[in-house]
Amino acid sequence: MTVIAIDGPAGAGKSTVGRAVASELGVGYLDTGAMYRAVTYAVLRRGVDPADLDEAERVGDIARSAQILVDDVDGATHVEVDGVDVTTEIRGRGVTGLVSAVAANSAVRHELVARQRAWVSDRGGAVVEGRDIGSVVFPDADLKLYVTASARVRAERRVAEIGGDIDEVEASIIERDRKDSSRADSPLVEASGATVVDTSGLTIDEVVEQILDLLS
Ligand code: DC
């Protein structure tokens, strides 16, 4: 079973690069961030505030009971929660603003890590993207990558995609990095044995080529 772990901060190009590598290798692609977003959606739909620490147990219960489907369909992540297509909703401001709080909940992480391992083993391998894949979920992955880029470059890419004010976007990227890197449970780190790929001055094709070279 081939497993390629891709970790790194938001907006570094992990998804584009991960999908391209998965397609070159003919294996599946799992966007684990979409799973944390799906749980956040389920929590908000039940009227629970994920940022309220008194609600941590309920948030964990919701993660365990929610039916979550994450799959790559035509090169994009398709997500369903309890049978409802929430592919668009999980990328909205409401979920994006609160997903770090849900991702800091240990019960949620425990449940999602188990589901991620099952997803990959059911498919006989995959390229798996997230924040703790090489450090926690698949520490024995065949290849571990830490894909990064400067906050400014990441902000520029996001603005080119969806618009917005560059300084505001950069500030929100820095804030999310800080939350993801400073949480107690499974913070974003360079996993031991990971190869760092800085995509700042590179095209997607150059990055993919660099990764395929590492595999050959
Ligand atoms: O990759 P993304 O922006 O869709 O991730 C959403 C959030 O989930 C982000 O705040 C980091 C968190 N996350 C995580 O803690 N662990 C993962 N394996 C994937 C994402």
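Just above sits the structure.
Residues numbered from 1 in each chain as written. Predicted model: local features only at pLDDT ≥ 70, side-chain atom pairs only at ≥ 80, totals over all residues. Heavy atoms only, no water.

> Quick one: what's the story with unusual backbone geometry, residue by residue and with numbers?
The backbone of D82 sits at a positive phi, close to 50°, despite the residue not being glycine. For D82, a relative accessible area of 28% gives the class partly exposed. Although it is not a glycine, S186 adopts a positive phi angle of roughly 50°. (Buried < 20%, exposed > 50% of the residue type's maximum accessible area, 1.4 Å probe, protein only.)

> Hey, could you go over the pairing of strand β3 (residues 68-73) for me, with residue numbers and the actual values?
Here 6 bridges tie β3 to strand β4 (residues 76-81), and the two strands are oriented antiparallel to one another. Paired with L69 across the two strands is E80, which belongs to β4. A loop of 2 residues connects β3 with β4, the two strands running antiparallel in sequence, and D74 in this loop sits at a positive phi of about 50°. (Pairing = 2+ DSSP bridges. Helix = DSSP H or I, 4+ residues; strand = E, 2+ residues; numbered from the N terminus.)

> Can you break down the site of the ligand residue by residue, with the values?
Taken together, 16 residues form the shell around the ligand, and within it T32, R37, R109, D132 and R183 come nearest. Here an oxygen atom of the ligand sits 2.9 Å away from a polar atom, N or O, in the side chain of R109. The separation between an oxygen atom of the ligand and a polar side-chain atom of R183 is 2.9 Å. Against a free-state accessible area of 450 Å², the protein chains account for coverage of 96% of the ligand. Put simply, the ligand lies in the largest pocket. Of all elements in the fold, only α2 (32-45), α4 (93-103) and α8 (166-182) reach the threshold of two or more residues within the shell around the ligand. (Near = heavy atom within 4 Å. Polar contact = N/O pair within 3.5 Å; in protein donor to acceptor, adjacent residues only side chain to side chain. Areas by Shrake-Rupley, 256 points an atom, 1.4 Å probe, with all protein chains shown as cover. 1 Å grid on protein atoms, 1.4 Å probe; cavity = no way out; pocket = protein on both sides within 12 Å on 5 of 7 lines; lining within 4 Å. Sits in = over half its atoms within 2 Å of the grid points.)

> Just give me the short version of a negative patch on the surface, but keep the residues and values in it.
Residues D205, E206, E209 and D213 make up a contiguous surface patch of negative charge. By the secondary structure assignment, E209 is in helix α9 (residues 204-215). (Patch = residues over 30% accessible without salt bridge, like charges linked within 9 Å, V, L, I, M, F, W, Y side chains within 5 Å. Salt bridge = Lys/Arg side-chain N within 4 Å of Asp/Glu carboxyl O. Lys, Arg positive; Asp, Glu negative; His and termini not counted. Charge placed at Lys NZ, Arg CZ, Asp CG, Glu CD.)

> How would you sum up the sheet that holds β4? Please name residues and give values.
With respect to topology, 3 strands assemble into an open sheet ordered β3-β4-β5, the strand pairing being antiparallel. The open sheet terminates on both sides in strands that have one partner only, identified here as β3 and β5 (84-85). Across 2 bridges, β4 lies against β5 in antiparallel orientation. Along β5, the bridge assignment pairs E80 with D85.

> I'd like a description of the environment of R109, backed by residues and values.
On the secondary structure map, R109 appears in helix α5 (residues 106-123). Residues R109 and A63, 46 residues apart in the sequence, show an inter-C-alpha distance of 8.9 Å. At a separation of 2.7 Å, a polar atom in the side chain of R109 contacts the main-chain carbonyl oxygen of A103.

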